[in-house]
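Notes for the structure review
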Amino acid sequence: MWKLVSCTVCVFLTLQLGSWSVWAEADELEDQVKIEVLVKPEECSRKSKKGDLINAHYDGFLAKDGSQFYCSRSDKEGHPQWFVLGVGQVIKGLDIGMMDMCAGEKRKLTVPSALAFGQTGKGPVPPNATVVFEVEVLSVSRGPRSMEAFGQIDLDKDRSLTKAEVKEYLKLEYEKGGKPRDEPFYEKILTDIFRKSDQDRDGQISAKEYNIYERDEL
Ligand SMILES: *[C@@H]1O[C@H](CO)[C@@H](O)[C@H](O)[C@H]1NC(C)=O
Ligand SMILES: [Ca+2]
Ligand SMILES: [Ca+2]
């Protein structure tokens, strides 16, 4: 999630850019992200897709008055942010608006509150606020784990992995490799996997948990 609180430099800082009226007009879009490509590199070997690891800068503004509430260029000593695309590590509007981007591409994304910080808002972002992000993608690479594998393990397709599903997958993998194992072996691995990956301890590994916490067996 966005670490709004830690962005001390930019919070409440209002930029004088003169383009706010344009942004404010985008308020009409209630449930979709408005995407404007600002810079498109000529060379593009890989376009971002769900599950990819993205390295990007982003600046966040309120559409209403253009005040800036987030800037990754000055926060954390200006290091760009890393996140996995399309799995809920960032607000929905960015997961949607940053698909199919190339390294070097810049976009302006106008995101309605429903796909941003909602009816409650967050930190300096008031309730029901349309926000604008200026994003610059620096690199696009394969995510820490492939979402294809997640889909294979998730037998009932509820986007969450139970112990039974993971066990089934492990058995298949070991059998494929010609090395079936006994029950205690699988139980031990399962316990280990869930201890590391099931961060909220609800007995399931969500897509987000799966992507963040690496585990070689999966
Ligand atoms: C936000 O929008 C919802 C739905 O339109 C509305 O019920 C609510 O009162 C609004 N909240 C504020 C603070 O304007
Ligand atoms: Ca499942
Ligand atoms: Ca969990």
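Calculation notes
- Residues numbered from 1 in each chain as written.
- Chains lettered and ligands numbered in written order.
- Predicted model: local features only at pLDDT ≥ 70, side-chain atom pairs only at ≥ 80, totals over all residues.
- Helix = DSSP H or I, 4+ residues; strand = E, 2+ residues; numbered from the N terminus.
- Buried ≥ 20, exposed ≤ 12 C-beta atoms within 10 Å, placed from the backbone.
- Contact = placed C-beta atoms within 7 Å.
- pLDDT = per-residue confidence, 0-100.
- Expected span 1.5 Å × (residues − 1).
- Pairing = 2+ DSSP bridges.
- Core = buried A, V, L, I, M, F, W, Y, C linked by C-beta atoms within 7 Å.
- Domains from an automatic or database assignment.
- Axes fitted to C-alpha atoms, helices over the stretch in contact; angles between N-to-C directions.
- Parallel < 35°, antiparallel > 145°, perpendicular 65-115°, else oblique.
- Left-handed = near helix turned anticlockwise from the far one by under 90°.

Moving on: the overall build of the protein chain. Helices and strands together make up the secondary structure of the protein chain, namely six helices and nine strands. Considering the protein chain as a whole, with its 218 residues, one finds that 31% of them fall into the buried category. Within the protein chain, residue pairs in contact and separated by at least 24 positions form 71% of the contacts whose partners lie at least 6 positions apart.

The next point concerns the confidence of the model for the protein chain. In this model, the protein chain carries a mean pLDDT of 80, and residues with pLDDT of at least 70 account for 78%. Every residue in residues 1-27 scores below 50 in pLDDT, and together they form 46 contacts with partners more than four places removed in sequence or on other chains. Contacts of residues 213-218 to residues separated by more than four positions or lying in other chains number 13 contacts, the stretch itself having pLDDT below 50.

On to helix α4 (residues 163-176). What sets the pattern is the α-helix's 3.6 residues per turn: residues three or four places apart point alike. When the terminal C-alpha atoms of α4 are compared, their 20 Å separation across 14 residues agrees well with the 20 Å that a helix rising 1.5 Å per residue should span. In the stretch just after α4, Gly178 is the one whose phi turns positive, near 75 degrees.

Here strand β4 (residues 67-71) lies mainly inside the structure; four of its five residues are buried. Here three bridges tie strand β3 (residues 53-62) to β4, and the two strands are oriented antiparallel to one another. By the bridge assignment, Phe61 is partnered in β4 with Gln68.

This part takes up the nonpolar core. Generally speaking, soluble globular proteins have nonpolar side chains that are buried together. Counting 40 residues, the largest nonpolar core has Val131 and Phe133 as the members making the most contacts within it. Mapped by element, the contributors of at least two residues to this core are β3, β4, β5 (81-84), β6 (106-111), β7 (131-141) and α6 (207-212). Of all the elements, β7 adds the most residues to this core, at six residues. When we break this core down by domain, the ones giving at least three residues each are domain 1 (4-141) and domain 2 (147-212).

At their nearest, the axes of α4 and helix α5 (residues 183-197) sit 10 Å apart, and the two run at 125 degrees to each other. By the criterion of interaxial angle, the relationship of α4 to α5 is oblique. Crossing of α4 over α5 shows right-handed handedness. Between α4 and α5, the contacting residues are Lys163, Val166, Lys167, Leu170 and Lys171 on the first element and Tyr186, Ile189, Leu190, Ile193 and Phe194 on the second.

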